[in-house]
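One letter stands for each residue in the lines below.
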Amino acid sequence: QVQLVESGGGLVQPGGSLRLSCTASGSFFSINVMGWYRQVPGKQRELVATITSGKTATYADSVKGRFTISRDNAKNTVYLQLNSLKPDDTAVYYCNADGVRVGAWTYRYWGQGTQVTVSS
């Protein structure tokens, strides 16, 4: 079984910063892509940013220039630095691991989510 454990959410004022972390644990050989998604009540979960094992990153247009995703392959950990936060960034942020190789198969896993609230 593979588990993703997130941390770092919280309440921050507009213009502030947060750093989210997500660590994968369990029995697996490798993880292809790790990323962050977010969801607000009544809306679909949306992609925020992803990063490959080779450190190629992609971002949603809404966060480009403000958020930075990074990854430590040795620690099976992905980070999301959130800067210049806006109230519209308020959401539950979910960590995702895709292409997790377990034996001959690959799987996709989600974390439990961490709340980010941007408010004055």
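In this text, all values refer to a predicted model and were calculated from it rather than measured experimentally.

1. Some points on the packing of aromatic side chains
Enumeration according to the criterion identifies two aromatic pairs in this entry. Ring centres of Tyr 37 and Trp 110 lie 5.0 Å apart, and the angle between their planes is 70°; this geometry places the pair in the edge-to-face category. You can see Tyr 37 sitting in strand β4 (residues 30-39) and its partner Trp 110 sitting in strand β10 (residues 105-110), a full 73 residues away along the chain. The exposure class of Tyr 37 is buried, given its relative accessible area of 13%. Under the relative-accessibility criterion, Trp 110 is labelled partly exposed at 34%. With 6.3 Å between their ring centres and 45° between their planes, Tyr 107 and Tyr 109 make a pair best called tilted. With a relative accessible area of 15%, Tyr 109 lands in the buried category. We note Arg 19 situated over the ring of Tyr 79; from NZ or CZ to the ring centre the distance is 4.1 Å. Here the guanidinium or amino end of Arg 45 rests over the ring plane of Tyr 94, the centre of that ring lying 3.7 Å away.

2. Examining the sheet that holds strand β7 (residues 67-72)
Strand order across the open sheet formed by four strands is β1-β3-β8-β7, with antiparallel pairing between neighbours. Edge positions in the sheet fall to β1 (2-7) and β7, since each has one partner strand and no second. On average, each strand axis in the sheet is inclined to that of its neighbour by 15°, with strand direction left out of account. Across six bridges, β1 lies against strand β3 (residues 18-26) in antiparallel orientation. The residue bridging Val 2 from the neighbouring strand is Gly 26, located in β3.

3. A word on the state of the cysteines
Scanning the entire structure with this criterion turns up one disulfide. Two residues, Cys 22 and Cys 95, share a disulfide whose sulfurs are 2.0 Å apart. On the S-S bond that ties Cys 22 to Cys 95, the torsion sits near -80°, and the link is left-handed. Residue Cys 22 is found in strand β3, and its partner Cys 95 is found in strand β9 (residues 91-102); the two are separated by 73 residues along the sequence.

What counts and what doesn't
Residues numbered from 1 in each chain as written. Predicted model: local features only at pLDDT ≥ 70, side-chain atom pairs only at ≥ 80, totals over all residues. Heavy atoms only, no water. Phe/Tyr/Trp six-rings, centres within 6.5 Å; stacked < 30°, edge-to-face > 60°. Helix = DSSP H or I, 4+ residues; strand = E, 2+ residues; numbered from the N terminus. Buried < 20%, exposed > 50% of the residue type's maximum accessible area, 1.4 Å probe, protein only. Lys NZ or Arg CZ within 6 Å of the ring centre and 35° of its normal. Pairing = 2+ DSSP bridges. Axes fitted to C-alpha atoms, helices over the stretch in contact; angles between N-to-C directions. Disulfide = S-S within 2.5 Å.

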